[in-house]
Amino acid sequence: MFQLLLLNNLYFILLFIFLWLIEIIFASLFIKFGWPCPTHKGFACKMVASLTFVLYAVLLAIKGGNLDESYARYIIMGMICGFIGDIFMALEAFLDRSNQKLLTTTVIIGGVVFFAGHIFYVIAFLTSIWSKNESLHWYTLLWLIMLFVIVAIVKHNLHFRLGKFAGLCISYSLALGAMSACAATMAFTVFKGNILPQLCLILGSLCFVTTDSVLCLKLLWAKRFTTWPQRIIYLSTYYMAQMLIATTLYFSIS
């Protein structure tokens, strides 16, 4: 029995390492092959990297015995939204690049799906916090205020206008801010005293803030922010965010 348990744990550890390696390798290949223009090879690499974090989330939830928890279900739904959003964001590789209306439409659809993903994350965090009879703390509000002050400062200094995308950008920013604030609250309440899921939640939410902030600058001020370093930052932090948040599914909140 002990040998079987040891063998099962060994298989899990090897699969855990394998999925992380797949994520790192194919995310890196996507960063490389999708620059400076989207390619079919880059699309394929992105799909593998995105599907990997969904499979990783499911694996961790099953191994931790938490697949039936509402937290795991909502997080996995958020991951699936991320995967679908990635498909729309990468469709440019197959579209006529002179058709700006079609390209913009796919980006907007992708953004809406990512927005839904953040909403699922917010629901996951809030339901977990409330299930422990906890509530949002003063630092949740402080975190939100700090994020929006940073956004206001950046917008003021870079002098860009949101234009017709103002409503979508503001809604997405609110969802992103709520997600990161709720993640921090959950880390210090539900996972209090458990350092690994705490770090995963906090670092994962910070990675999401980083990737979406840099991507926003790219979309709104493309001439200055469509560069190789920015591409590395917003894509590497995106995949790291998904993997870190998925890692928390191994830990029970019951």
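Fair warning: this is a prediction, and the values are worked out from it, not measured in the lab.

*Asks:* Outline the overall build of the protein chain, supporting the account with residue identities and numerical values.
*Replies:* Each helix and strand counted, the protein chain has nine helices and zero strands in total. Order of helices (α) and strands (β) in the protein chain, N terminus to C terminus: α-α-α-α-α-α-α-α-α. When contacts within the protein chain are restricted to residue pairs at least 6 apart in sequence, those whose partners lie at least 24 apart make up 79%. Approximately 13400 Å² of the protein chain is accessible, and the part contributed by carbon and sulfur atoms is 73%.

*Asks:* Can you lay out the packing of aromatic side chains for me, pointing to particular residues and giving the numbers?
*Replies:* Scanning the model with the defined rule gives 14 aromatic pairs in all. Seen in terms of ring centroids, Phe53 and Tyr238 are 6.1 Å apart; in terms of plane orientation they differ by 85°. Their pairing is edge-to-face. Of the two residues, Phe53 sits in helix α2 (residues 40-63) while Tyr238 sits in helix α9 (residues 228-247), which places them 185 residues apart along the sequence. Owing to a relative accessible area of 7%, Tyr238 belongs among the buried residues under this scheme. Ring plane angle 90° and centroid distance 5.5 Å describe the contact between Tyr250 and Phe251, whose orientation is recorded as edge-to-face. Residue Tyr250 is classed as partly exposed on the basis of its relative accessible area, which comes to 34%. Phe251 gets classed as buried once you look at its relative accessible area, which sits at 15%. Among the aromatic side chains, those forming a connected cluster through ring pairs are Phe53, Tyr71, Phe114, Tyr121, Phe125, Phe208, Tyr238 and Tyr239.

*Asks:* Please set out the packing of helix α3 (residues 70-90) against helix α4 (residues 100-131) residue by residue, giving values where relevant.
*Replies:* Between α3 and α4, whose axes approach to 8 Å, the crossing angle comes to 170°. As far as their axial angle goes, α4 and α3 are roughly antiparallel. Of the residues that constitute the contact of α3 with α4, the class distribution is 19 nonpolar, ten polar and one charged.

*Asks:* Break down unusual backbone geometry for me, citing the residues and quoting the values.
*Replies:* The amide bond that connects Trp35 to the next residue, Pro36, takes the cis arrangement and shows omega of 0°. Residue placement: Pro36 occurs in the loop between α1 (2-33) and α2.

*Asks:* Provide a residue-level description of the side chain of Gln242, including the pertinent values.
*Replies:* Along the polypeptide, Gln242 turns up in helix α9. In this structure the side chain of Gln242 is engaged in a polar contact, spanning 2.6 Å, whose partner is the side chain of Tyr121.

*Asks:* Go over the nonpolar core with me, naming the residues and quoting the values.
*Replies:* Considering soluble globular proteins, one finds that nonpolar side chains tend to be buried as a cluster. Counting residues in each nonpolar core, the largest one holds 57 residues, and the members touching the most others are Tyr71, Ile75, Met79, Phe125, Met186 and Leu249. Secondary-structure elements contributing two or more residues to this core are α1, α2, α3, α4, α5 (138-158), α6 (166-189), α7 (195-220) and α9. The dominant element in this core, judged by the number of residues it contributes, is α2, at nine residues. Apart from the residues lying within four places of it in its own chain, the contact partners of Tyr71 are Ala124, Phe125, Ser128, Met186, Leu201, Thr248, Leu249 and Ile253.

*Asks:* Pulling in residues and values, what's your account of the confidence of the model for the protein chain?
*Replies:* When pLDDT is averaged along the protein chain, the result is 86, and 85% of the positions lie at 70 or above. Across the protein chain, the element-wise mean pLDDT spans from 53 in helix α8 (residues 222-225) up to 97 in α3. Between residues 1-7, whose pLDDT stays under 50, and residues either more than four places distant or in other chains, the model counts zero contacts.

*Asks:* Explain a nonpolar patch on the surface to me, using residue names and the numbers behind them.
*Replies:* Among the surface-exposed residues, Ile195, Leu196, Leu199, Leu203 and Leu206 lie close enough to one another that they form a single nonpolar patch of about 440 Å² accessible area. Position of Leu206 relative to the elements: it lies in helix α7. Residue class for Leu206 comes out partly exposed when judged on its relative accessible area of 35%.

About the cut-offs
- Residues numbered from 1 in each chain as written.
- Predicted model: local features only at pLDDT ≥ 70, side-chain atom pairs only at ≥ 80, totals over all residues.
- Heavy atoms only, no water.
- Helix = DSSP H or I, 4+ residues; strand = E, 2+ residues; numbered from the N terminus.
- Contact = heavy atoms within 4.5 Å.
- Areas by Shrake-Rupley, 256 points an atom, 1.4 Å probe, with all protein chains shown as cover.
- Phe/Tyr/Trp six-rings, centres within 6.5 Å; stacked < 30°, edge-to-face > 60°.
- Buried < 20%, exposed > 50% of the residue type's maximum accessible area, 1.4 Å probe, protein only.
- Axes fitted to C-alpha atoms, helices over the stretch in contact; angles between N-to-C directions.
- Parallel < 35°, antiparallel > 145°, perpendicular 65-115°, else oblique.
- Nonpolar A, V, L, I, M, F, W, Y, C, P; charged D, E, K, R; others polar.
- Polar contact = N/O pair within 3.5 Å; in protein donor to acceptor, adjacent residues only side chain to side chain.
- Core = buried A, V, L, I, M, F, W, Y, C linked by side-chain atoms within 4.5 Å.
- pLDDT = per-residue confidence, 0-100.
- Patch = residues over 30% accessible without salt bridge, like charges linked within 9 Å, V, L, I, M, F, W, Y side chains within 5 Å.
- Salt bridge = Lys/Arg side-chain N within 4 Å of Asp/Glu carboxyl O.

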